[in-house]
Amino acid sequence: MMRAAVRLLPLALLAGVPGSAQAHLVNSGLGPFYNGMLHLLLSPGDLLAVLAVGLLAGQSGKASARWVTIALPLAWGGVALAGLALGTAAGPGSVQVALLILLGVLVAAGVQLSPSVMASLGALTGLVHGLENAGAFVASDSGLVAVAGAAAAVLVLTLLIAALAVSLRAAWTRIALRVGGSWIAAIGMLMLGWLLQGTS
Amino acid sequence: MTDIRLPPSRSTRGNQRWISPRNLLAVLVLLAPMTALAHLEGAAAGGFLSGMSHPVSGLDHVLAMVAVGLWGAQLGAPAIWLLPVAFPLMMAFGGLLGLTGVELPAVELGIALSAVILGALILGAIRLPIAAALLIVGFFAVFHGHAHGTEMTAGQSAILYSIGFVIATGLLHALGIAIGLIERWQVGRVALRGAGSVVMAGGLFFLWSALA
C-alpha cells in the first residue's frame with residue numbers, strides 16, 4: 001500500500017499543476033450571449049458540476065437551494081470576468097475532479113448541509129469552473145456578453161435542478177437522487193484516474 | 001385491396017399485367033437512395049458510446065452486475081438500493097487503480113469468483129447483514145473496475161467515456177433489480193433462485209477459463 005502511495009505521489013503532483021484552458025466558444029449563430037450559454041451546455045464537466053451542486057443543494061433543503069442559486073452563478077461569472085480582465089485562464093483539473101467526487105459522495109450519503117456551507121461549496125465550484133471557462137471567453141471578441149450568457153445558463157440550470165431535488169417527496173425518488181450521487185462520484189473517480197494517467 | 005393496372009409493356013402488348021400496390025411500394029422502397037454512413041463516430045460521441053459498450057462487452061462483467069441487482073432485490077430494502085450505490089463507487093475506485101497502474105493480483109479470478117459467489121448467494125437465498133453484503137459487493141467491484149480501468153481506450157473524450165461507462169453499469173444493476181422484482185411471487189422466488197444458479201454456472205465457466 002505504501003509503495004502504491006509513493007508511486008501515485010508524483011502523478012498526484014503533476015495533476016495538481018494547473019493547465020491552460022484551450023477551449024473555444026462554439027458559434028451558436030445567435031450572438032455572443034447564446035455562444036456563452038451553449039459553451040456551458042456543451043461542456044460535460046461543467047454540466048456535471050452544476051448537476052452535483054444542484055442535487056446536493058436540493059437535498060439540503062429550500063434555504064440551502066436558494067443560497068446556492070445565488071452563490072454558484074455569481075462566483076462562476078465573477079471569476080470568469082476576472083480571468084477575462086487579466087487575460088489569464090487556468091483550470092486546476094484535479095480540484096475540479098476532487099470537488100466532483102466530494103459532491104457526489106455527499107449526495108450519495110444523503111448529507112444535508114447548512115445554507116452557509118452549501119453556499120460556500122457552490123461558490124468554490126463556481127470559482128474553479130469559472131476560471132477554466134475564462135479561457136474560452138478570452139479567445140472570444142465579445143467575452144463580457146459570453147460570460148453573462150454562461151452565468152445565466154448556470155443560474156437557470158442550478159435553479160431547475162435544485163427545485164426538482166427539493167420537490168422530491170416519494171421515497172424512491174430520494175433513493176434515485178442518492179444513486180445519481182454515487183454515479184457522479186464514480187465518474188469523478190474515473191476522471192481522476194484519467195487525469196493521473198495524463199490522458200484527460 | 002384494389003389492384004393497379006399498369007400499361008402493357010412492349011413485350012407483353014395485348015396481355016394484361018397486374019402489380020399490387022404492396023409490391024409497387026416494395027419496389028419503390030428498394031429504389032430509394034440510401035444515405036452513406038461512412039463516417040466514424042467523432043471523439044465526443046465515440047467516447048460516450050465506447051464507455052456505454054464497455055461494461056456490456058464481457059459476459060463475466062454482465063453476469064456479476066446483473067447479479068448485484070438480483071441479490072439486492074432478493075434482500076429487499078435497504079440492500080436493493082444500497083448495493084447499486086456501493087458497486088459503482090468501488091468499481092470506479094478499482095478503475096482508478098487500474099488507470100494509475102497500480103497492480104492488483106488475480107483480477108480475472110476475482111471477476112469470475114464474483115459471479116460464482118453472488119450466484120451462490122442468490123441460489124441459496126442467503127440473507128446476510130447489510131454491512132456484510134456491502135463488503136462482498138464492494139470487494140468484487142474493485143476487481144471489475146480494475147479490469148475496465150486497464151482496458152479503457154485512450155484518445156477519446158475521457159469524461160464522456162466515464163459517463164457512458166457508469167451509466168451502462170447502473171443500467172445493468174437496474175436490469176437485475178427489475179428482474180429481481182419477481183421475488184414478490186412464490187413462483188418468482190423459485191425463478192430468482194434459478195437465475196442465481198445460471199449466474200453461478202456462468203461464473204464457474206469463467207473461473208475454469210481463468211485457471212486454465
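Owing to the predicted nature of the structure, the values given are computational and were not obtained by experimental measurement.

Asks: Quick question: what am I supposed to make of the overall build of chain A here?
Replies: When helices and strands are counted, chain A shows eight helices and two strands. Tracing chain A from N to C terminus, the helices and strands come up as α-β-α-α-α-β-α-α-α-α. Burial analysis of chain A (200 residues in total) assigns 52% to the buried set. Pairs at least 24 residues apart make up 89% of the contacts formed inside chain A by residues separated by at least 6 positions.

Asks: I'm lost on the overall build of chain B in this one. Help?
Replies: Each helix and strand counted, chain B has eight helices and two strands in total. Within chain B, the fraction of its 212 residues that count as buried is 43%. At a minimum sequence separation of 6, the contacts of chain B that also span at least 24 residues come to 83%.

Asks: Explain unusual backbone geometry here, please?
Replies: All names here are of chain B. Each neighbour pair has its own omega, and for Ala77 with Pro78 the value is 0 degrees, a cis peptide bond. On the secondary structure map, Pro78 appears in the loop between helix H3 (59-75) and helix H4 (79-99). With a phi angle near 50 degrees, Ala106 is a residue other than glycine that sits in the positive phi range. You can see Ala106 is positioned in the loop between H4 and helix H5 (107-123). Even without glycine at this site, Ala125 takes up a positive phi of about 45 degrees. Within the element layout of this structure, Ala125 appears in the loop between H5 and helix H6 (130-151). Ala125 sits in the partly exposed class, given 15 other C-beta atoms within 10 Å.

Asks: Looking at this model, I keep getting lost on helix H4 (residues 62-86) of chain A. Mind explaining?
Replies: Taking 1.5 Å of rise per residue, 25 residues should cover 36 Å, and H4 of chain A covers 36 Å from first to last C-alpha, within 8% of that figure. Backbone geometry just downstream of H4 of chain A places Gly87 of chain A in the positive-phi region, at approximately 70 degrees.

Asks: It is not clear to me how the nonpolar core should be interpreted in this structure. Could you clarify?
Replies: Ala52 of chain A together with Ala67 of chain B are the most contacted members of the largest nonpolar core, which totals 118 residues. Of the residues forming this core, the biggest block, 15 residues, is contributed by H4 of chain B. Other than its neighbours up to four places away in sequence, Ala52 of chain A contacts Leu100, Leu103, Gly104, Val107 and Ile184 of chain A.

Asks: Whenever I open this one, the confidence of the model for chain B confuses me. Can you help?
Replies: In low-pLDDT regions, the fine details of the predicted coordinates are not to be read closely. Residue and element names in this part refer to chain B. The predicted model of chain B averages 81 in pLDDT, with 83% of residues at 70 or higher. In the model, residues 37-41 has pLDDT below 50 throughout and makes three contacts with residues more than four positions away in sequence or in other chains. Reported confidences for the modelled complex are a pTM of 0.77 and an ipTM of 0.76.

Rules of the game
Residues numbered from 1 in each chain as written. Chains lettered and ligands numbered in written order. Predicted model: local features only at pLDDT ≥ 70, side-chain atom pairs only at ≥ 80, totals over all residues. Helix = DSSP H or I, 4+ residues; strand = E, 2+ residues; numbered from the N terminus. Buried ≥ 20, exposed ≤ 12 C-beta atoms within 10 Å, placed from the backbone. Contact = placed C-beta atoms within 7 Å. Expected span 1.5 Å × (residues − 1). Core = buried A, V, L, I, M, F, W, Y, C linked by C-beta atoms within 7 Å. pLDDT = per-residue confidence, 0-100.

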